[in-house]
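Overview (structure and organization)
Here is what each chain is made of, one letter per residue.
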Number of protein chains: 8
Amino acid sequence: MTTASGLLDASDSVLLLVDHQSGLLQVVQDIAQPELRVNLASLAKAAELSGVPVITTASVPDGPNGPLLPEVFDNAPNALYVARQGEIDAWDVQAFRDAVRETGRRTVVVAGIITNVCVVEPSLSALADGYTVHAVINASGTYSDGAQRAAVDRMSRAGVVITDVEGVLSEWQHTWNRPDALDWAGLHAAVMPAYAALIQSVARAQAEVLDAEGARTELKHARQPAGA
Amino acid sequence: MTTASGLLDASDSVLLLVDHQSGLLQVVQDIAQPELRVNLASLAKAAELSGVPVITTASVPDGPNGPLLPEVFDNAPNALYVARQGEIDAWDVQAFRDAVRETGRRTVVVAGIITNVCVVEPSLSALADGYTVHAVINASGTYSDGAQRAAVDRMSRAGVVITDVEGVLSEWQHTWNRPDALDWAGLHAAVMPAYAALIQSVARAQAEVLDAEGARTELKHARQPAGA
Amino acid sequence: MTTASGLLDASDSVLLLVDHQSGLLQVVQDIAQPELRVNLASLAKAAELSGVPVITTASVPDGPNGPLLPEVFDNAPNALYVARQGEIDAWDVQAFRDAVRETGRRTVVVAGIITNVCVVEPSLSALADGYTVHAVINASGTYSDGAQRAAVDRMSRAGVVITDVEGVLSEWQHTWNRPDALDWAGLHAAVMPAYAALIQSVARAQAEVLDAEGARTELKHARQPAGA
Amino acid sequence: MTTASGLLDASDSVLLLVDHQSGLLQVVQDIAQPELRVNLASLAKAAELSGVPVITTASVPDGPNGPLLPEVFDNAPNALYVARQGEIDAWDVQAFRDAVRETGRRTVVVAGIITNVCVVEPSLSALADGYTVHAVINASGTYSDGAQRAAVDRMSRAGVVITDVEGVLSEWQHTWNRPDALDWAGLHAAVMPAYAALIQSVARAQAEVLDAEGARTELKHARQPAGA
Amino acid sequence: MTTASGLLDASDSVLLLVDHQSGLLQVVQDIAQPELRVNLASLAKAAELSGVPVITTASVPDGPNGPLLPEVFDNAPNALYVARQGEIDAWDVQAFRDAVRETGRRTVVVAGIITNVCVVEPSLSALADGYTVHAVINASGTYSDGAQRAAVDRMSRAGVVITDVEGVLSEWQHTWNRPDALDWAGLHAAVMPAYAALIQSVARAQAEVLDAEGARTELKHARQPAGA
Amino acid sequence: MTTASGLLDASDSVLLLVDHQSGLLQVVQDIAQPELRVNLASLAKAAELSGVPVITTASVPDGPNGPLLPEVFDNAPNALYVARQGEIDAWDVQAFRDAVRETGRRTVVVAGIITNVCVVEPSLSALADGYTVHAVINASGTYSDGAQRAAVDRMSRAGVVITDVEGVLSEWQHTWNRPDALDWAGLHAAVMPAYAALIQSVARAQAEVLDAEGARTELKHARQPAGA
Amino acid sequence: MTTASGLLDASDSVLLLVDHQSGLLQVVQDIAQPELRVNLASLAKAAELSGVPVITTASVPDGPNGPLLPEVFDNAPNALYVARQGEIDAWDVQAFRDAVRETGRRTVVVAGIITNVCVVEPSLSALADGYTVHAVINASGTYSDGAQRAAVDRMSRAGVVITDVEGVLSEWQHTWNRPDALDWAGLHAAVMPAYAALIQSVARAQAEVLDAEGARTELKHARQPAGA
Amino acid sequence: MTTASGLLDASDSVLLLVDHQSGLLQVVQDIAQPELRVNLASLAKAAELSGVPVITTASVPDGPNGPLLPEVFDNAPNALYVARQGEIDAWDVQAFRDAVRETGRRTVVVAGIITNVCVVEPSLSALADGYTVHAVINASGTYSDGAQRAAVDRMSRAGVVITDVEGVLSEWQHTWNRPDALDWAGLHAAVMPAYAALIQSVARAQAEVLDAEGARTELKHARQPAGA
């Protein structure tokens, strides 16, 4: 169900990861490769945590395009892989459309390489079939900044919601008041690296206070040599 | 009341400052930290000068996210703080929605860290509840330029007005023909630093003319050593 | 009359140059100052060539904001100057609105410093009064790239046409098949500096050919020392 | 026929290449000149491969603007050239409009130099005449990044679809399951240079495996000296 | 005394602040104006804390160059001001050279606006007179990045030590084991703004621990509203 | 022993990792935080692989500066930690100098945060004590690009060799003809992320060839779902 | 005579302007063309004001390289032009070397397009012949930023002094206490455009003061319309 | 023989092309891949034209590093290939050193991928063996801008001359007054793409003049359709 605000509802979402392949990754210029890989991993893991089904596919994985990046199945081991017979638009494949339909969900969240083809085509096709579509722009990559801006303008004008990894994570997570909050914290720290270092600094500082109070804990010595 | 032109009317505005916390500030990459802090301070002060109510909130301020930046209460001492119980979207908190509704105003001006979550979510939620929403993009911050552009595209497409600190200041101020004009000049000079130096140069140059006319004033010696 | 294509018609245009003052120029960061001044001059001159009326105004020109840049009256000597009494939005001034209305034209072309205030406010106000509005983004300037993008998004979403100096020049000029074609060529060369050097190279190369044919002309020696 | 998704259909497309001249190329600043030339060549060749008619024109090609770049006729030898008599908007020329109409196709794909004039004007004019219009932003060029963004915003807001070379190629190609797939691979490798080197690396690596298996092929020695 | 390592010794240093004037500040393009002003203030204050004498001068302060920025005397109230009679190189002024010589120190630390003139000239002149010279490149400013690089190359090649504000601060401070350590921490936090926010986050986090331990302190409530 | 070419000899090297702390990491602006952390980890691991002793230290690790980043001890578990009593220059600490001297090695390789203080000071001090010094500029970080350039210029002019992580790795590794070559390949792939994806693509492509030859191996299915 | 400080002495300088041609200007990418032309003009004019002889030359000016830019002879009408017979290094031409030698001056100041050839070659050649050489890096231009940095490194390492236009102007001018001070102010304002606007603002502000004092002058009305 | 000026003498040069392989090319980030390939091709061709011997080598060309780029042998078909047995520094290979020595030339010109390893190591090694060394920085590539700057600083400080492709071409060519001048023009146009378009414009413009003079030539119709 699409919310009135247009924010994502995990129970109505299905994640499409299209052509995140090691060869295609080489042409990406609008985002640093390590950043794109971390964003992809976090997105896949967030789907796993949220019970969002993941459908993935690859374009000619036996040739220069290369195999799917390991981030897909490492983080979403239950993802469904749909093979293609040369179709450029994954949505042209009956089995792919069926896989989406069978989830019963009406909001597709799409990421892929390269954005102008592998995200734009299935996004516009899904939109034409009546789905709500969110394109995760920084879990996707393309061959120039200008190409990215063109893809964003085209999709947005057609009605695709442009979003980012943190947006998807936060809307699926919805609240910190849940049992797996620490898992989500790990995802946010991965996407925003300064946050990870901040957590380390604060933990150490708090351990110091405990120590001064006569309550020295295990925490303090974590990762720190004896002489520190 | 929303004006026909869509320009802000101070008497109908309420300012929401969401999660401007010292820890979250560390992840901001789309604007320099000092610039963001000056913009936040100027926005809060402008609300104070205009009689615009300010509502603020923080996300888990006892942990790594850190306390609210002092700029909020230093400049808007009467701001209303609403605590949260883990909700990511401040608009999910009944007390927050009530606080906004009780101002009787229908235009909410929103800034926050990080933009893709703390501005996007309450902005879209308020829009769904019938408010006019202006998002102040440079009194907010997020983890990459690409993430900022995604947030802007998403909000703008949904109907949120994208604005900047100078836009808000000028629309609330409306005219230079008011008793507190000097206070407003100070805010503009803070947001646009070249303007501050310009004022100093012009003041000194005018003092020189007065001096040559036999009307030496106090102004000339301000901040200048005896030997100058 | 607005054309079906939305392209400018010189006979229906009026040009508004708002607050292009030497002091305000100092805060401009989204375009190099010399480039902005050349664009402003070319725009004013193009209005003069096209019979497009020019209306200009300044904000507190006796203080730090400084006088209007000389480019305005140097290129559009018949521009009408409208004084203000502190109003930030020029459109709040009755005499300004009257001046526009009395031209009988329904398309206003606006440029100003700073964009987020001096272009955004009169543009949205004129739009609310039923005018077609084109904002010339690179004959305007503001305090950061982010602020420019915010102004563009806001105006565009409201219905203002975003344009540039070359766009305005070419639509007003309409054809090269006119007596003052050389004057227009000068404007294009000013806005696009590489074009000016290209013209020099080609002229010299053609003179060389003439020389080889026994038809040495004056052209060849233009600007070149005897020994060349 | 326009597809429901808005993706291009080669059988309904006509390509307009407007004023890609050697002199005008000198003013281009929003894309590197070699990249623009490769994109232009790939686009022309893709039209040839797809049976998409190409119509081209030049503005005053005998003066500083210079002749059409050779990429046009080298790749689309059957392109139709329409001369102009000074008209800035190619669409003002009856013969140009007729040429488009006589193709019987309703989707025009446009690229040109400079974008703000030579793409914007015919695009908006064709749109007013009822055509679907796609503007290929990176097979076009203009005098600044700001000018490009203004052109994109203006066209997009009016209803022109903003696209890029890879988008056009992929939509016209539609599938890898076609006899001329290798020709298309060459075009993709030209537009995305990292892809070309990747193909070379993979081919060599595969040849090595074959060699170890006792099946040494010609492939291995391609381009490699005897001592390698 | 110059140390063997070439690191600064506060007891042998004298600080020269040359032409940091509000008008000249307008031409600075190689560093943001607010950053330059903070660096200047921190440098002046560090001299004050270290007992390093400060000598300052201005070029035609009654005209467009404007008065000295207040940061100089606000932070180094005992700075000696030496007037000039049009000399561009401050070192050409006998009183300036005398002022330096009378400090008895042999290492001059120089900053100024604009770098290529107001830092380069006195630095090379002082070097020729036998002084050791450190040029503080980010407490100085000039009209382009290219001009800065040229100034750095020229001075460095001649034997001037190129340094930055943090370098000077840390070498003058020498150790954290001193009574005024907190004052120095304030200077570092000013120059490196992320450090200031970090201190706030850590302090709050430590207060939380104390609270949990039953030792709630004043610290926790600093700057935080009742409801937090 | 220093080689004639000045290239590093692992048997004469000792690695100093100075103040790589989670809090100080927040101020780094001249290199992305994730890139710096990967470079630090690779450098520490390379020392471990090469038998190069590692000496590390931290500045006030109990306060905002935070604990050492885990990358240090995770990769160089035998690193020697030397505590400080407030000294800013680690070389001022007798135990630190002793630790270096006792390795018997005369080439110190230094990295640290922030470069202008924690790398510059010990590097210049070690140089004054007769050591050969290499500063690893991208395993270090500082607060601005300008500050980095100043640090590089200062150290280089004094005689410190400026180097990078790949330079150090390759000189210590010396040849691919060694038993632990795969470990080194992993380090190179970490520092240059495109290389990692390339390895994946090539491995998959080779597996495909084997398959076609009737020699299907385990390799092919690694990380790839059944349907691929 | 070379000064001890290495600062320029106008009476010992000769200016070489090498291959500043309209065609070659098109390949310049390391500095904006208008900025380069203004710098060239200011440098030539400064030589004229200082009595510094100017020697200029062009490479094959009859072909694509194009004629010398008019800035050379417009500002230094007495410049000596030396023709070449295909020599790439102007210093290979006997007449060129003689022209320099006959000035009797021993410091050559060189600028040219493109830097890596037309500045590097004569600079290194003149150095080998015993001259002191200053290369004016921003009155020269080349085809990429990387190429510029390579040229600077090479020349600097060989002993050429790297300088900029403002450096040359200020050293030749030496003092503001000279009859032609206003002419020099004009050159500085041309090179640093913000300075020009500043002068206008200050002049207007001073005129306002005079007016308030009952001493209205001509100055006030300069360039300002009646209604202002 | 090394010239007094340090400019290259083709008769004393030998060109080393080290590890320009299709796989290694993927990690290059400090220069666009197409630009690097064009520079490599031009350098190899210039050696061919100048009679400069070329020696090339590759690192593990059977694995992910990939085969040598075709630009090497396409342009320098007589290049000598020296295989390696895992040595990282090509200079460690006796056959490589012998190949250089046997040319009898004492100036080595080096380019390679990646710069910090494949250029730095043989350059410093050759220098230690008494050769003069020029490193061609933009015919080489590495993994970040910072890594490039570190490599340049290190080599330059050690005595390697830093140069660029245009510098090498121009010094080897020496004069335009030679039979193969057109071949050299082609190389310059390849390295500086704007120059190529300029030549086309000028040729067309000259053809137009001839036409007007009654001397229509073949040139005019080159590449231009009938209707132009």
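As the structure is a prediction and not an experimental result, all values here were calculated from the model.

**Regarding the interface of chain A and chain F**
Contact with chain A, which involves 34 residues of that partner, is made by 34 residues of chain F. Roughly 2700 Å² is buried in total at the junction of chain A and chain F, and carbon and sulfur atoms are behind 55% of that figure. The interface formed by chain A and chain F holds 2 salt bridges in total. Inspection of the region where chain A meets chain F yields 10 residue pairs in polar contact (both at pLDDT 80 or more). Listed by contribution, the elements that provide at least two residues to the side of chain A that touches chain F are helix H1 (22–25), helix H2 (33–50), helix H3 (71–75) and helix H9 (193–212) of chain A. In terms of residue count, H9 of chain A provides more of the side of chain A that touches chain F than any other element does, 9 residues in total.

**Comments concerning the packing of aromatic side chains**
Two measures describe an aromatic ring pair: the distance that separates the ring centres and the angle between the ring planes. By the definition in use, this model includes 16 aromatic pairs over all chains. On the numbers, 6.3 Å between centres and 75° between planes, the contact of Trp91 of chain E with Phe96 of chain E is edge-to-face. Each member of the pair, Trp91 of chain E as well as Phe96 of chain E, carries the same accessibility label: buried. Three or more aromatic residues joined by ring pairs make a cluster, and in this case those are Trp91, Phe96 and Tyr131 of chain A. Note that Arg106 of chain B overlies the ring of Tyr131 of chain B, its terminal NZ or CZ placed 4.1 Å from the centroid.

**Thoughts on the packing of H2 of chain A against helix H8 (residues 181–191) of chain A**
All names here are of chain A. Contact geometry for H2 and H8: axes closest at 9 Å, N-to-C directions at 165°. Classed by the angle they form, the pair H2 and H8 counts as roughly antiparallel. Of the two possible hands of crossing, H2 and H8 adopt the one that is left-handed. Contacts from Val38, Asn39, Ser42, Lys45, Ala46, Leu49 and Ser50 of H2 reach H8 at Asp183, Trp184, Leu187, Ala190 and Val191. Among the residues forming the contact of H2 with H8, the class breakdown is 7 nonpolar, 3 polar and 2 charged.

**Comments concerning the interface of chain D and chain H**
On the chain H side, the residues contacting the 34 residues of chain D number 34 residues. Summed over both partners, the interface of chain D with chain H comes to about 2700 Å²; 55% of that surface belongs to carbon and sulfur atoms. For the pair chain D and chain H, the number of links is 2 salt bridges. Counting across the interface, chain D meets chain H through 10 residue pairs in polar contact (both at pLDDT 80 or more). If you list the elements that add at least two residues to the side of chain D that touches chain H, you get helix H1 (22–25), helix H2 (33–50), helix H3 (71–75) and helix H9 (193–212) of chain D.

Conventions used here
Residues numbered from 1 in each chain as written. Chains lettered and ligands numbered in written order. Predicted model: local features only at pLDDT ≥ 70, side-chain atom pairs only at ≥ 80, totals over all residues. Heavy atoms only, no water. Contact = heavy atoms within 4.5 Å. Buried area = accessible area lost by both parts, 1.4 Å probe. Salt bridge = Lys/Arg side-chain N within 4 Å of Asp/Glu carboxyl O. Polar contact = N/O pair within 3.5 Å; in protein donor to acceptor, adjacent residues only side chain to side chain. Helix = DSSP H or I, 4+ residues; strand = E, 2+ residues; numbered from the N terminus. Phe/Tyr/Trp six-rings, centres within 6.5 Å; stacked < 30°, edge-to-face > 60°. Buried < 20%, exposed > 50% of the residue type's maximum accessible area, 1.4 Å probe, protein only. Lys NZ or Arg CZ within 6 Å of the ring centre and 35° of its normal. Axes fitted to C-alpha atoms, helices over the stretch in contact; angles between N-to-C directions. Parallel < 35°, antiparallel > 145°, perpendicular 65-115°, else oblique. Left-handed = near helix turned anticlockwise from the far one by under 90°. Nonpolar A, V, L, I, M, F, W, Y, C, P; charged D, E, K, R; others polar.

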